[in-house]
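# Summary of structural features
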Amino acid sequence: MFIAISLFTFVAINLIGNPVELATARVQFAKDTVQATLLRQYGLTDSQGREIPVWKRYLNWIYDFIHGDMGQSYEKFPSEVTDNLGNFLWETLKMQVLALVLAFTISVVIGILAAYFHKTPADSIISAVALLGLSMPIFVSGILAIIIFTGTGLQWFPAAGAHSLPQLLVADGCLDCARPPDVIWDAEVSTNWTDPAWWSMFVNVWWIYSKDSVRHIVLPVATLTFATMATFARLTRSTMLEIMRQDYILAARANGLSEYTIVRKHALKNVLLPLVTFLGLSIGGLLIGAPITETVFSFPGLGNYFLASLVVLDVPIIMALTMIITLMILFSNLAADIAYTYLDPRIAL
Amino acid sequence: MATSPGKTKTLDESLTDGLDTDLQARVAQQSTNQWVLVGQRIKKNRIATLAFYYVLLNILIAILFPVVIAYAPNSRQPGLDRRFGGGSSNFPNLKYPGGTDVLGLDTFSRGLAGAQTSMLVGVLSTTISLLIGVTVGLYAGYYQGKVEEIAMRITDLFLAVPFLIIALILLSMINRGQAGALNGLDHVQIITILIGIFGWAGLARLVTANVKQVSSFEYIDAVRIMGASDKRIMFIHILPNTLAPVIVIGAIFIAGGILSEAGLAFLGFGDPVNTISWGIQVNLSRTELQSHKEQALIPGFAIFFLVLGVNLFGDAIRDALDPKLKE
């Protein structure tokens, strides 16, 4: 499967575009010797300057990929693809994991509530909200959120980015905030670690930076949660409806168990089963997950970076990202299958 | 006819009548046809009827919009008309009912033309998915064994590859003239084909499972004994019995197709003047969000309501097909 997918990615990208041509066009204004070196470093030509055939490039690429070397970026040369990705990974993961956890918890709760109070106003409201989330394109809800909650409306949250500029934080009264906390830590911790004043300053800066970061992340996470929640909640509701009609729930009722125990102990685990499969799919999409949300909120994450490298056709980055994401999806599906056996003893691997 | 010589015949009497009974039985049989029942149930559901008419309205707009609009969707004329309500980014007025956008294009006509794009992409991509998915599912589920194994591996591959990424790569390659034979196709065509190709895998699995179930029934054996060919069994005896979930999924696919198209258009790859799409309109409005909120909200809510309509209608079909859920 790994081979099939790597082949698919590589062939797709090499079929619809020609990396050699692209790279050559990029370096054509350099001196001949420099050009030759660059092309060699991209892995497109061998030491004699001859073009390496495609199948051999594929083998080289997959060999390097397995060993953690994803090649060099075309756009920001010389820089490793891995370093470039690393810069954006944290922001994306922060947003996506938060959104996914929130969406999952909320939707399981409201899905169960909706099914339990079937055919009451509560059920109708929850179903309607879920349907809204399913039907509203994520960029529309994002733009609505921007219009309502940012500078044009309530002014509660900033509209774009993941952090404020340090200058703005300084202007707000935090004089030490000119450098982000990790820079301060790297530069000064070795000399000042015995000084309590330094520690209080550092904690203060860190606290202000975290607050700022949280303020920036609220809207993207809310938007993503709203969209993701819809599918989860609908799935939970329909599963729960089916389960509440089963005989063992009737048996539990007949035994005189409280309604809470019935839902919590007897129904919940069975509701989670189909959700786990779906969660596996969502986790797979975590890394790329939200190019649209990131565009709406100008969020410096992997999705945005992927779009930016697409605009300049930075082939190594595109290939690396595609491959990583596909692998993530594969592994999370596998993880979901394994989780299945824990949740449902009837299934054996 | 010989019995009661009174006024009108009662139902019981007409049932005793030879010819009438036959006719009535046929009528009764016809009216209990599943699809008639489904239609009746949907008619009873007021929200679903409303949604149906809204989607119908969109289809009408998609077909008839050239009659209504004063300026072609990609005409530069409104942009030059600064003194009389046009220009770049103007508020709605009587001459330009939707205002004009950043590029000086008439938002009203682009809004109406966007309905066409959305409907076309939604319906065509769903047709492609359904054709491939149902065919593969039928063959895999009927022949089983090796055919099924191969088909399932291919669906695995398609389910694992993220659609958005491949679509974005392809679109950006086309923008840069890097896509070889595909360069001639325009944006909407590429998106339609891609959505269609990436949608079939999940459907094929569902159809395979259903076909496997149906083909183990006894009446299939009976038909086979009567000497029907494999093709006849598949398309005449199995296919109609697996169609119900396919129709529900079709509605979901149309909604999904419209959303995907809008999302890809929103990400802004391609030519914003000649490609007409609600997503592109929202994207263009992003720079003007502070002063011209209506530019984002009108096309945004157009997508939203259309998708909502399709989803509601799909839900109604699902409920109507499966009365168990309604209790």
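Every value quoted in this text rests on a predicted model; they were computed, and no experiment measured them. (Residues numbered from 1 in each chain as written. Chains lettered and ligands numbered in written order. Predicted model: local features only at pLDDT ≥ 70, side-chain atom pairs only at ≥ 80, totals over all residues. Heavy atoms only, no water.)

### Observations concerning the packing of helix 14 (residues 302–311) of chain A against helix 8 (residues 163–175) of chain B
Running from N to C, helix 14 of chain A and helix 8 of chain B cross one another at 25°; their axes reach a closest spacing of 9 Å. With respect to helix 8 of chain B, the element helix 14 of chain A is oriented roughly parallel. Crossing of helix 14 of chain A against helix 8 of chain B: the hand is right-handed. Residues F306, L307 and L310 of chain A of helix 14 of chain A pack against I165, L168, I169 and S172 of chain B of helix 8 of chain B. Looking at the contact of helix 14 of chain A with helix 8 of chain B residue by residue, the classes come out as six nonpolar, one polar and no charged. (Axes fitted to C-alpha atoms, helices over the stretch in contact; angles between N-to-C directions. Helix = DSSP H or I, 4+ residues; strand = E, 2+ residues; numbered from the N terminus. Parallel < 35°, antiparallel > 145°, perpendicular 65-115°, else oblique. Left-handed = near helix turned anticlockwise from the far one by under 90°. Contact = heavy atoms within 4.5 Å. Nonpolar A, V, L, I, M, F, W, Y, C, P; charged D, E, K, R; others polar.)

### Regarding the pattern of salt bridges
All names here are of chain A. All chains considered together, the criterion is met by eleven salt bridges over all chains. Notably, a salt bridge pairs K94 with E91, separated by 3.1 Å at the nearest N-O pair. Within this pair, K94 and its partner E91 are both found in helix 5 (residues 81–116), separated by three residues, close to a single helical turn. By relative accessible area, which is 17% here, K94 ends up buried. (Salt bridge = Lys/Arg side-chain N within 4 Å of Asp/Glu carboxyl O. Buried < 20%, exposed > 50% of the residue type's maximum accessible area, 1.4 Å probe, protein only.)

### Topic: the confidence of the model for chain B
Residues and elements named next belong to chain B. Mean pLDDT over chain B works out to 81, with 86% of the residues at or above the 70 mark. Confidence scores differ between elements of chain B, with helix 1 (residues 11–16) showing the lowest mean pLDDT of 51 and helix 6 (residues 107–143) the highest of 90. Counting contacts from residues 1–6, a segment whose pLDDT is below 50, to residues more than four positions away or on other chains yields three contacts. The complex prediction reports pTM at 0.82, with the ipTM value standing at 0.80. (pLDDT = per-residue confidence, 0-100.)

### Focus on the nonpolar core
Across soluble globular proteins, nonpolar side chains have a tendency to be buried as a group. By size, the foremost hydrophobic cluster in this structure holds 78 residues, and its most contacted members are F139, F306 and L310 of chain A together with L168 of chain B. In this structure, F232, L241, A252 and L275 of chain A belong to the second largest nonpolar core, which totals 17 residues. (Core = buried A, V, L, I, M, F, W, Y, C linked by side-chain atoms within 4.5 Å.)

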